[in-house]
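Each chain, written out:
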Amino acid sequence: MAAAQHPSSSASTSGTDEGDVLTYLLVDGENIDATLGTSILGRRPQPDERPRWDRLLAFAKDTWGQEVRGLFFLNASSGMPMSFIQALKALGFQPVPLSGDSDVKVVDVAIQRTLRAIRDRDADVMLVSHDGDFLEELEGLLEDERRVGVMAFREFRNSGFTALQSQGLESFDLEFDVKAFTSPLPRIRVIPIEEFDPAQFL
């Protein structure tokens, strides 16, 4: 997909040099972990089975050819996971620890607010989540004629993401496109015939 036309730089407060466009990589870590554990592995993922988060940053930078700012949202209502936060910072992410009442989806609320705020900036967005709670905000960003992408396990994305592809939403599979995992995952998916390798089943 060709580079989109971006909103006027007069409204930009992204902090990059004039004329530069930034990619915001927003990670819904809770959603990715839950999908990996519940839908794919059937158990809590071991540390070495989780995505290599730095590969997401590298993929976003290589794919759209511009600087990336990674924001990793996590629910810290029960306490601050300092070792994980320090690891994220070492990888180049800005951790966003959140807290709130048990009936508030604090990560979803924060990402929704962030997506709305990005409309005032000269920036593109890659969202790492399967959650349909962000469809309205993503559609708004697409209406601004900027690049918007979703990284996820393709078969577990909310169906609303597929509908947005006709408006320009780009889709990237965490395992097959981003190469975020060091070992193959036990996924059952529809295989395009041009990708079928019988050796994987023999």
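In the block above lies the structure referred to throughout.
Residues numbered from 1 in each chain as written. Predicted model: local features only at pLDDT ≥ 70, side-chain atom pairs only at ≥ 80, totals over all residues. Heavy atoms only, no water.

### Details of the overall build of the protein
Consideration 1: Scanning the protein for helices and strands turns up six helices and six strands.
Consideration 2: Along the protein, helices (α) and strands (β) appear in the sequence β-α-α-β-α-β-α-β-α-β-α-β when read from the amino end.
Consideration 3: By the compact-globule yardstick of 17 Å for 202 residues, the protein fits well, its C-alpha radius of gyration being 17 Å.
Consideration 4: Taken across its 202 residues, the protein has 45% of its residues classed as buried.
Consideration 5: For the protein, the proportion of contacts with a sequence separation of at least 24, taken over those separated by at least 6, is 61%.
Consideration 6: Carbon and sulfur atoms form 49% of the exposed surface of the protein, whose accessible area is close to 10800 Å².
Consideration 7: For the protein, the distance from the average site of its 20 positive side-chain charges to the average site of its 33 negative ones is 4 Å. (Helix = DSSP H or I, 4+ residues; strand = E, 2+ residues; numbered from the N terminus. Rg over C-alpha atoms; globule rule 2.2 N^0.38 Å. Buried < 20%, exposed > 50% of the residue type's maximum accessible area, 1.4 Å probe, protein only. Contact = heavy atoms within 4.5 Å. Areas by Shrake-Rupley, 256 points an atom, 1.4 Å probe, with all protein chains shown as cover. Lys, Arg positive; Asp, Glu negative; His and termini not counted. Charge placed at Lys NZ, Arg CZ, Asp CG, Glu CD.)

### Some words on the nonpolar core
Consideration 1: Counting residues in each nonpolar core, the largest one holds 27 residues, and the members touching the most others are Leu25, Trp53, Leu56, Phe93, Val128, Met151 and Leu174.
Consideration 2: Here this core gets six residues from one element, more than from any other, and that element is helix H2 (residues 53–64).
Consideration 3: In contact with Leu174, not counting residues within four places along its chain, are Ile32, Leu56, Val128, Met151, Ala152, Phe153, Lys179, Ala180 and Phe181.
Consideration 4: Core analysis: the second largest hydrophobic core is formed by 26 residues, Val106, Phe134, Leu135 and Leu138 among them. (Core = buried A, V, L, I, M, F, W, Y, C linked by side-chain atoms within 4.5 Å.)

### Let's talk about the packing of aromatic side chains
Ring pairs (aromatic) are described by centroid distance and by the angle formed between their planes.
Consideration 1: What the rule picks out here adds up to six aromatic pairs.
Consideration 2: Ring geometry for Phe72 and Phe84: centres 5.5 Å apart, planes at 80 degrees, overall edge-to-face. Here Phe72 is found in strand S2 (residues 68–75), whereas its partner Phe84 is found in helix H3 (residues 82–91), with twelve residues between them in sequence.
Consideration 3: Here the aromatic cluster, defined as three or more aromatic residues joined through ring pairs, consists of Trp53, Phe72, Phe84 and Phe93. (Phe/Tyr/Trp six-rings, centres within 6.5 Å; stacked < 30°, edge-to-face > 60°.)

### Some remarks on the side chain of Glu49
Consideration 1: Summarising the element assignment, Glu49 is placed in the loop between helix H1 (29–41) and H2.
Consideration 2: Setting aside residues no more than four positions away along its own chain, Glu49 makes contact with Leu36, Leu41, Arg43, Arg44 and Phe181.

### Structural notes on the pattern of salt bridges
Consideration 1: Scanning all chains against the criterion turns up 13 salt bridges.
Consideration 2: Close ionic contact of Arg147 with Asp124 constitutes a salt bridge, the shortest N to O distance being 3.2 Å. Remark: Asp124 occurs in strand S4 (residues 123–128) and Arg147 occurs in the loop between helix H5 (135–143) and strand S5 (148–152); sequence separation between them is 23 residues.
Consideration 3: Given a relative accessible area of 8%, Arg147 falls into the buried group.
Consideration 4: We note a salt bridge from Arg154 to Asp177, for which the minimum N-O separation is 2.8 Å. Residue Arg154 is located in the loop between S5 and helix H6 (159–164), and its partner Asp177 is located in the segment after strand S6 (170–173); the two are separated by 23 residues in the primary sequence.
Consideration 5: A relative accessible area of 36% means that Arg154 is categorised as partly exposed.
Consideration 6: Residues participating in the shared-partner salt-bridge network are Glu155, Asp173, Glu175 and Arg187. (Salt bridge = Lys/Arg side-chain N within 4 Å of Asp/Glu carboxyl O.)

### A short note on the layout of surface pockets
Sizing a probe to match a water molecule and rolling it over the atoms shows the empty space that remains.
Consideration 1: Its volume calculated, the largest pocket comes out at about 560 Å³.
Consideration 2: Lining the largest pocket we find 19 residues, and of these Gly29, Asp33, Arg50, Phe72 and Phe84 sit closest to its centre.
Consideration 3: Sorting the residues of the lining of the largest pocket by element identifies H1, H2, S2 and H3 as the ones contributing at least two each.
Consideration 4: In this structure, the second largest pocket encloses a volume near 310 Å³.
Consideration 5: Taken together, Glu175, Phe176, Pro184, Leu185, Arg187, Ile188, Arg189, Ile191, Glu195, Gln200 and Phe201 make up the full set of residues lining the second largest pocket.
Consideration 6: A class-by-class count of the residues in the lining of the second largest pocket yields six nonpolar, one polar and four charged. (1 Å grid on protein atoms, 1.4 Å probe; cavity = no way out; pocket = protein on both sides within 12 Å on 5 of 7 lines; lining within 4 Å. Points joined across faces, edges and corners; volume = space filled by probe spheres on them. Nonpolar A, V, L, I, M, F, W, Y, C, P; charged D, E, K, R; others polar.)

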